[in-house]
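Read off the chains here:
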Amino acid sequence: MNPKVLAIEPSMIRAIAAKKQAGAIDLGIGEPALLPQQRFIDAAARWAAEHGVKYTVNAGDVALRELIAAHYAFPGMGAARNVCITTGSQEAVYVAIKTLLDPAVDELLVVAPAFPAYAKMAQLEGIASRAVHMRADDDFRYDVDAIVDAIDPATRMIAIASPANPTGRVLRDADARRLAAALLARPGAPVWILQDEIYRELTYVDDPGSIADYYPYTIVANSLSKSNALTGMRIGWLIAPGEVSDALVKTHAWVTSTASSFGQRVALEIFREPGALQEHAAWYRAQHGSVTAALEESGLRYVPIDGAFYACVRLPRGGDAMAAALELVERRNVVAIPGGTFGASLEGWLRISWVAPADDVAEGLRRIAAL
Ligand SMILES: Cc1ncc(COP(=O)(O)O)c(C=O)c1O
C-alpha cells in the first residue's frame, strides 16, 4: 500500500454526518437543499437521446469551454484553450496542485481556516503544505499582509477560497488588487494562486474581488455544485493561462480522461442562458437575512457571513469542539462540524451549514447555545 494513503485520515465532515439520526437538524454537510433547474437536465436528456453519451475530448466540449472562458473573461484566459472541464472542483483543485507543484522542492501555502482537501491532496502527492492562519480576533478577515509575509522561498502556490468554506469571508476587490500587486512585486519565480471560486455566485457584500482579474499567475477552480445545486453532477472546471492549461489537461486526461459528457451538456445549457448561474442567489440572500437574525438572537459569537452558506459560531462555554459536535449529533439531534477540521485557528468553533429551512437553523442554533 502507498504509505501516503495509509497516513491520511478520512473526511471528518463525512464521519460526523454519518452519525446523524433520523429527524436530526442537519447543519453539517455543505450541500444545497434546493433542487436544480429541471429544464437544463431535460434539455441535456433530449440531446443525449439523439446523440448518445459519448466521450468528449479530454479538456471537455469545446463549445462549453468557449462559453465558460467568455463568461468569466479573465485577462489572458478568454479562450477555450484556457478551460479544462473536470469532475467537480474537487478534481480541479487536485489537478492544479499535482501539476504545478514539484514534490521535491515546492510548498503549498493554504490560507486557513480552509477546506481540508487542499492540504490532504498535497499530502497524497507528497507535497509539503503549510497554513497561514487568518485571525479569530479579526473575525478571520482575509489579511493580505499576513498572506504575503507567510510566503517563503519554497512556496510556489497559495490556495485561497473566496467566499471561504468554512468562514464565509470574502476577499474584497481592494484586497485582491493589493495581493496581486504584492505578488507581482516579488523577485524570482512567480507564486501561483489557486483561487477556489466555488461559492462565487453566493455573496452578500458589494465588493467581492477575484485575483484572476489582476494577477496573471492565477488558476481558477469552480463548479456547478453550489451555484446550481448540482453537487452530484460532478461538473467543475479550471481556468488557467495557455501553457499551464495544456499541462493541466495532460494531468486531467490521465486521472479521469474526461468529465461526464451528460453533465457537460447540462453545463452547456446553463452557460447558454444568461443569468442561469445566479438563479438560486436570491434564495440564499433571503436565507442569509433570516440566518443572521437567528445568529443575533442566539447570543452566540459568530463570524460575519460575507458569502457562501456557512456560519462559524464560537462554543458558548469554550471547550473542545469535537466533543461538542459529538454531543450535538448523538444526544441533541443536531449535525454541526467541529472547527478544528478546517485548521487550528478554528479550534473551539463549530461550522454550521445553513441550507436547512430557516426555522430549523434557528432551532439548531438554540441547541448549540444551550451546550
Ligand atoms: C471550498 C470548496 N472547494 C471545493 C469543493 C468541492 O466541490 P465540488 O467538487 O462538488 O465542486 C467544496 C465542496 O464542498 C468546497 O467547499
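In this text the structure is predicted, and so the values were computed from the model without any measurement.

## Examining helix α3 (residues 38-51)
So, step 1. The first and last C-alpha atoms of α3 sit 20 Å apart over 14 residues, in line with the 20 Å expected at 1.5 Å per residue.
So, step 2. At the exit of α3 stands Gly 52, carrying a positive phi of roughly 80°.

## Structural notes on the domain arrangement of the protein
So, step 1. Here the domain parsing of the protein yields domain 1 (3-34 + 280-369) and domain 2 (38-277).
So, step 2. Between domain 1 and domain 2, the residue contacts involve 30 residues of the former and 34 residues of the latter.
So, step 3. Per-element accounting of the side of domain 1 that touches domain 2 gives the leading share, four residues, to helix α11 (residues 281-298).
So, step 4. Within the side of domain 1 that touches domain 2, the residues separate by chemical class into 17 nonpolar, eight polar and five charged.

## Brief notes about the sheet that holds strand β5 (residues 155-161)
So, step 1. Pairing in this open sheet of seven strands is mixed, and the strands run β2-β8-β7-β6-β5-β3-β4 from one edge to the other. Edge positions in the sheet fall to β2 (83-87) and β4 (128-133), since each has one partner strand and no second. With strand direction ignored, the average angle separating the axes of adjacent strands in the sheet is 20°.
So, step 2. Where strand β3 (residues 107-112) and β5 come together, four bridges link them in parallel fashion. Across the sheet, Leu 109 pairs through a bridge with Ile 158, a residue of β5.
So, step 3. Along the sheet, helix α6 (residues 117-124) contacts β3, β4 and β5; its crossing angle with β3, the most-contacted strand, is approximately 165°.
So, step 4. Contacts from helix α9 (residues 242-255) reach β2, β7 (218-223) and β8 (235-239) within the one sheet, and its direction differs from that of β2 by about 25°.

## A word on the sheet that holds strand β11 (residues 337-338)
So, step 1. Strand order in the open sheet formed by three strands is β9-β12-β11, with antiparallel pairing between adjacent strands. The two strands at the open ends of the sheet, each matched to only one other strand, are β9 (310-314) and β11.
So, step 2. Of the pairings in the sheet, the one linking β11 to strand β12 (residues 349-353) comprises two bridges and is antiparallel in character. Of the residues in β12, the one forming a bridge with Pro 338 is Leu 350.

Reading guide: rules and limits
Residues numbered from 1 in each chain as written. Predicted model: local features only at pLDDT ≥ 70, side-chain atom pairs only at ≥ 80, totals over all residues. Helix = DSSP H or I, 4+ residues; strand = E, 2+ residues; numbered from the N terminus. Expected span 1.5 Å × (residues − 1). Domains from an automatic or database assignment. Contact = placed C-beta atoms within 7 Å. Nonpolar A, V, L, I, M, F, W, Y, C, P; charged D, E, K, R; others polar. Pairing = 2+ DSSP bridges. Axes fitted to C-alpha atoms, helices over the stretch in contact; angles between N-to-C directions.

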